[in-house]
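Each chain is listed here by its residues.
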Amino acid sequence: MRWILTWCLLAVLSAGGTVATAQSPISVDADAPLPEVLDRLRTRTSLDLVYADRLVRDRRTTCTYNGDRARDALRCALEDTGLEAERIRRNQYVLVAGTENASDTTAYEERRAALTGRVRDAKSGEPLPGANIVMRDMQAGTSTDRNGYFVLSSLPPGPYRVRISYLGYAATDTTLTAGGQTTSIALRPESLEAEGVVINDRLTSVAAQEPMAGRVEVALDQIDALPSLGESDLLTALQWTPGVRRSGILSGGLSVRGASTDQNLYLLEDAPIYHPWHAFSLISTFQTETLKRTTLYRSSFPVEHGGRLASVVDAQLKDGNRTEPEARAALSALSGRFYIESPLSSSTSFMVSGRQSYIDRIIGREHTVEQGGRRDTMRTGYVFYDTSAKLTTQFNDRNRLSVSYYHGRDEVDLRLPFDLSLDFSSWLRPTDLFFELDQGWSNRMVSMQYQSIVAPSVVINATGYYSGYRANEASFVQPTTAASLTSDYTVSVDDVGLKGDVSLHRSMAHQWKLGGQLSYLAFASTLTSEVQRTVTSTETQEQATSRRAVQLSGFAQHTWMPTPRLEVQTGARLSYFSSGQYLHVRPRISAQYIVHPQFLTLQGGLSGHVQSLHQMRDRFSLAYDLVSTRWVPADRTVRPAESWQATAGARSRPWRALLVQGNVYTRMSRHTLIPEDNTQTKDGLQGPGIELGALLGQYTPARERAFGAELELRWERTRWRIQQSASLSHTFVRAASQNDNRYRPADLDIPWSTRSAVTWQPGALEVTLAGTLRSGYPLSSPIARYQVGDGTDTEPTTFLYRPHVNNNRLPMYGRLDASVGYRFQALGAAWQARIHVHNALNYRNVVGRTYEAAEGGIMSSDQRGLPILPLFELQLSL
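Residues numbered from 1 in each chain as written. Predicted model: local features only at pLDDT ≥ 70, side-chain atom pairs only at ≥ 80, totals over all residues. Heavy atoms only, no water.

Caption draft 1: Looking closely at unusual backbone geometry. For Ser-154, which is not glycine, the phi torsion reads 55° and is therefore positive. Within the secondary structure, Ser-154 is located in strand β9 (residues 149–155). (Helix = DSSP H or I, 4+ residues; strand = E, 2+ residues; numbered from the N terminus.)

Caption draft 2: Region of interest: the pairing of strand β42 (residues 699–716). In this sheet, β42 lies alongside strand β41 (residues 658–675) in antiparallel orientation, the contact comprising 17 bridges. Its bridge partner lying in β42, Arg-667 is registered against Ala-706. Pairing analysis gives 14 bridges linking β42 to strand β43 (residues 720–734), with the strands arranged antiparallel. Bridge assignment links Ala-709 to a residue of β43, and that residue is Leu-728. Here β42 folds back onto β43 in antiparallel fashion, the turn holding three residues. (Pairing = 2+ DSSP bridges.)

Caption draft 3: Structural context of the state of the cysteines. The full count for this structure, using the stated rule, is one disulfide. Between the sulfur atoms of Cys-63 and its disulfide mate Cys-76 the distance is 2.1 Å. Its S-S torsion of approximately -115° makes the covalent link between Cys-63 and Cys-76 left-handed. Residue Cys-63 is found in the loop between α3 (53–56) and β3 (65–69), and its partner Cys-76 is found in helix α4 (residues 70–78); the two are separated by 13 residues along the sequence. An identical accessibility class is assigned to Cys-63 and Cys-76; each is buried. (Disulfide = S-S within 2.5 Å. Buried < 20%, exposed > 50% of the residue type's maximum accessible area, 1.4 Å probe, protein only.)

Caption draft 4: Focus on the pairing of strand β35 (residues 566–577). Examined bridge by bridge, strand β34 (residues 538–563) and β35 share eleven bridges and lie antiparallel to one another. Paired with His-558 across the bridge in β35 is Thr-570. Where β34 hands over to β35, the hairpin turn is made up of two residues, counted between the paired strands. Looking at chain direction, β35 and strand β36 (residues 582–596) are connected through twelve bridges and run antiparallel. The residue of β36 that forms the bridge with Ser-575 is His-584. Between β35 and β36, which pair antiparallel in sequence order, lie four residues; one of them, Gly-580, sits at a positive phi of approximately 105°.

Caption draft 5: Structural view of empty space enclosed by the protein. Tallying each qualifying case throughout the model produces eleven cavities of 30 Å³ or more. Computed from the structure, the second largest cavity encloses a volume of approximately 670 Å³. Around the second largest cavity, the lining is made up of 43 residues, and of these Val-216, Glu-217, Ala-219, Glu-712 and Arg-714 lie nearest the centre. With five residues, β42 is the single largest residue contributor to the lining of the second largest cavity. Considering only residue class, the lining of the second largest cavity consists of 20 nonpolar, 13 polar and ten charged. (1 Å grid on protein atoms, 1.4 Å probe; cavity = no way out; pocket = protein on both sides within 12 Å on 5 of 7 lines; lining within 4 Å. Points joined across faces, edges and corners; volume = space filled by probe spheres on them. Nonpolar A, V, L, I, M, F, W, Y, C, P; charged D, E, K, R; others polar.)

Caption draft 6: Quick look at the side chain of Arg-308. Looking at the element boundaries, Arg-308 is found in the loop between β22 (291–298) and β23 (311–317). With no salt bridge to any partner, buried Arg-308 finds its closest opposite charge in Asp-495, at an N-O distance of 7.0 Å. A distance of 3.4 Å separates a polar atom in the side chain of Arg-308 from the backbone oxygen of Asn-264. In contact with Arg-308, not counting residues within four places along its chain, are Asp-262, Gln-263, Asn-264, Leu-265, Tyr-274, Phe-301, His-609, Val-610, Gln-611, Leu-613 and Trp-631. (Lys, Arg positive; Asp, Glu negative; His and termini not counted. Salt bridge = Lys/Arg side-chain N within 4 Å of Asp/Glu carboxyl O. Polar contact = N/O pair within 3.5 Å; in protein donor to acceptor, adjacent residues only side chain to side chain. Contact = heavy atoms within 4.5 Å.)

Caption draft 7: The arrangement of the environment of Thr-480 in detail. Take Thr-480: it is sitting in the loop between β31 (458–477) and β32 (484–505). Through-space distance from the C-alpha of Thr-480 to that of Thr-534 is 9.7 Å; in sequence the pair is 54 residues apart.

Caption draft 8: Seen up close, the pattern of salt bridges. Within the structure shown, the criterion is met by 35 salt bridges. Measuring nitrogen to oxygen at the nearest pair gives 3.0 Å for the salt bridge that ties Asp-270 to Arg-146. In this pair, Asp-270 is assigned in the loop between β18 (264–268) and β19 (271–272) and Arg-146 in the loop between β8 (140–143) and β9, connecting sequence segments 124 residues apart. By relative accessible area, which is 24% here, Arg-146 ends up partly exposed. Glu-231 is the partner of Arg-337 in a salt bridge, and the nearest nitrogen-oxygen pair spans 3.8 Å. Residue Arg-337 is located in strand β25 (residues 335–343), and its partner Glu-231 is located in the loop between β15 (215–217) and α7 (234–238); the two are separated by 106 residues in the primary sequence. Among the ionic contacts, a cluster of salt bridges with common partners joins Glu-231, Glu-289, Arg-337, Arg-355, Asp-386 and Glu-873.

Caption draft 9: Just the sheet that holds β8, in detail. The four strands lie next to each other as β8-β7-β10-β11, forming an open sheet whose pairing is antiparallel. Either end of the sheet is taken by a strand with one partner, and the two such strands are β8 and β11 (172–178). On average, adjacent strands in this sheet sit at an angle of 30° to one another, irrespective of strand direction. Relative to β8, strand β7 (residues 132–135) runs antiparallel, the two sharing four bridges. Bridging across to β8, Ile-133 finds its partner in Thr-142. (Axes fitted to C-alpha atoms, helices over the stretch in contact; angles between N-to-C directions.)

Any functional reading would require information beyond the geometric quantities listed.
Structure follows, in C-alpha cells:
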C-alpha cells in the first residue's frame, strides 16, 4: 500500500509543486504591444493566461524585465496598464480590469463570483447528472451533481466560453456569466459522431470523472442490447464489468473482485436495499426503464458511502418527464411491466412503474393428478411483482424535493414429490412422500430527498429513508410415511435513517464535502417447528430472536485541483456501531493525473472500510433458511469486518474509436465470517435452532487477501460496438480451524476470466453476440473414505475424508449468448421486439459437484447449468 501513497506524493510534487519559470530567459520591453508580450509569455512559460482580446487590444507595456521568472515578467507586463492578473489556481490567471483597492480583502472578495447552472434533457426536462462542463479558455471544468447542478467558484466576474456535453447528447457551446443568474442549459439527445466515429466526450474531457479507479458509470441506454434471461436487467449488465460475476446460477448474488455477496451495498434513492433480487436471483429488483443514473464503485468509494467492503451500487430513479406525458409497456418471457411519467405542473413531475410475472398463469398453480386409481393435487405457484414511484418538485432555482417509493415481493407455493429430480415429468404424480412450501420475501423502501442551494457555492443535500426486508417460510416435509416436519420461519430487517451533506465550492482548486448519517436498525427472527419422527414421538421448537443497533457516521472530504491535470481527494470516515460499542476512523485518498486528455489518465487510491453486518444462513435444517438469509449485527461476540484496499488504474484513448482501461488492486480483510464446515449440506429435519449462538457456531472468523489485474477495451463506430474484458485475480482466506491455518482459495475465487460482446446495428436491426470464458469455482474434493462401526452394527457408517478445503476446482466454464432486436413504428407507437438466446450452443457447464461413498470407492455427481433458452421481449413506447 505504500507505493500508492508514494505515487500520489510524487504526482503532487511533480504536477502541483513547481514554480512558474520560463523555458529560456524572457524579456519584456517597454512600449511593446501588450497582446504580443502576453502571447510570448504563454508560449515560453508554464503560465496559463485567460483574457478577452478586447481587454488587451490597444494597450502597451510600460516596464522592462529580463530574467527567467514568469510571474515577475507578467507583473511587469501589466504594470500601469489598468489590468490585473487574478490567480485561479497555480500558474493559471485571468486578466481583469484593475480596481483602486486591489489589495483590500473585501474588494478582492467582491471581484470573485460563481458561475452556476443546471443541465437538463431538452426533450423530457430530466436533469442530467454527470454532464461535463468545460471552460474552453481555461482547461478547467466540473461535472453536474445528481440533480444536474454545477458550480465553478471564485472566478472574476464576467463572461466565459463553456462547452456542455453528455454521453448520447449533442454538445452545446455557450457563454455563461460568472456572477449572473443560474442558467438552465438543455441538451438534445443525439449520437455524438464525427467521421463515423462515436465520441464518448465523458471520457475525453479533462474533468470527466471522479478520481477513483474502479468506478463505472453504467450506460443505461446500452443495457437492452446485452443478452439476458428474458428482459434487460441492471445487475445482469454489471456482470460485463471486469471483476464482477454472479456467484451462482439460480441463487446467490454478485461477487465483486472475489468478495462474498454480502459485501456489496445496493442503494436506491440513497436507501439501502437488503435483497435486490427476484426469481431466485435470476433478475434484479431494479427496472432499467425507471433509472436515471447508476454508478458502480469497486474497492474505492466516495467518502459518503460506507458499511460494506467490496462495492457500492448507487442507483437513482428518474424524476419524470417535465414536458409531456410518456408511457411504455413491455412483455417478456418472465413478466409484464409498464412505466408512466408525466408533468403535473411546470415545476412538478412524477414517475410510476409496475411489473409482475405471469408464468404461474400459464402453467397453472394447481394440478390434479391421477395414477393407479389415486388422485392428488400438486401445486407449482410462483409469482413476483414490484412497483416504484417518484414525485419531484422544483420549488425554485435553489430548492428541490423528491419523494420515492419501492415495493417488491416474491411468493412461492409448492406441493411436489419429496424425491424430486430434473425429470419434470416426475413432478406431477400422486405420492405419499411430498413437501409443501409457502414462502415469500419482499423489500419496501420510502425515501425523501431535499436539496437546497443556500449560496451559489454552498449546496446542502438531505435524505430521510425507511427500508424494510421481510421473509417468511412455511413448510411441510413428508420424507417417510411415519416422519414429517412442519415449520414456520420469519425474518425481518428494518432500517430507518437520516443522512445529509454540505458541499462547499471555495474555489476552482478547493472543494469540501462534510456530512453524516444516523441509522436505527432492527433485526428479528421467529421459528415454530414440529418434528414427528414416529407416530408416538413428536418434538416441538419455538424460538425468537431480536437485535437492535444504532449506527452513526460522519465524514469529511477535501478535493484539491492545484492544476488542470491533477485532482486529489483526501478524506476520512468515522463510524460508530452501538451493538458492541465499536468506533472506527478510516482514511480515504484517491488521485487522478491527466498525462494527456486523450492518450493517458492515471488514477490511484487507498481506503479503509468497516462492515458491521454479517449475512448468514443455517446450514443444517430443512425447516428454515431455505431461501432467505439473515443479517446479523456485530456485537461483543462477533466483530465487524474490516478491510484495507489499494487500487490503481489507467485510461487511454489511442484512437477516437477505442477506449482502453486497466486496473490493479489489492485487498486485505479480517473478521469476515466463513462456514466452519464448507461441505455441510442441508439434509436434517431439525437443526440447532435460530438462536444467534447456534448460528454463529456454524461460522468461523477469517482473514482474507485478494489481488488482481483487470483490462477492458471498448471500440465504437457508427454501426459497431465491441467490448472485451479480462481479469487475472486471486482471493484467499485463512481460518484457524481450516487447512492448518494456512491460506486457501476462497469459495468465489476465479483466477482468470474473459468476456466479449459484439453489437452490430445497421439501422433498426440490432444483433449482439456475447461470450464468457472463465476458470471454475473452487471445490472441496475428498481424497479417501473410511468406515466406522463395531461388531454389533449391521452396517458401518461411511465418511468421506476431506482434510483440505477447496483443494480442487470445477471444470472451465464457457457460454455463448445472443440477442437480436428490431425497432419499428406501428399503430402510432414505437415498438421494439427482441429475442434473447441464453446458452446458444447448448453446452451444459458443470456448475456444482457432490460426492458420496459408493461400493468400492467415491462417486461424484455433477450439477449442470441451464440449457439453451430462447426468450422473447416486446416493448412499446407512447
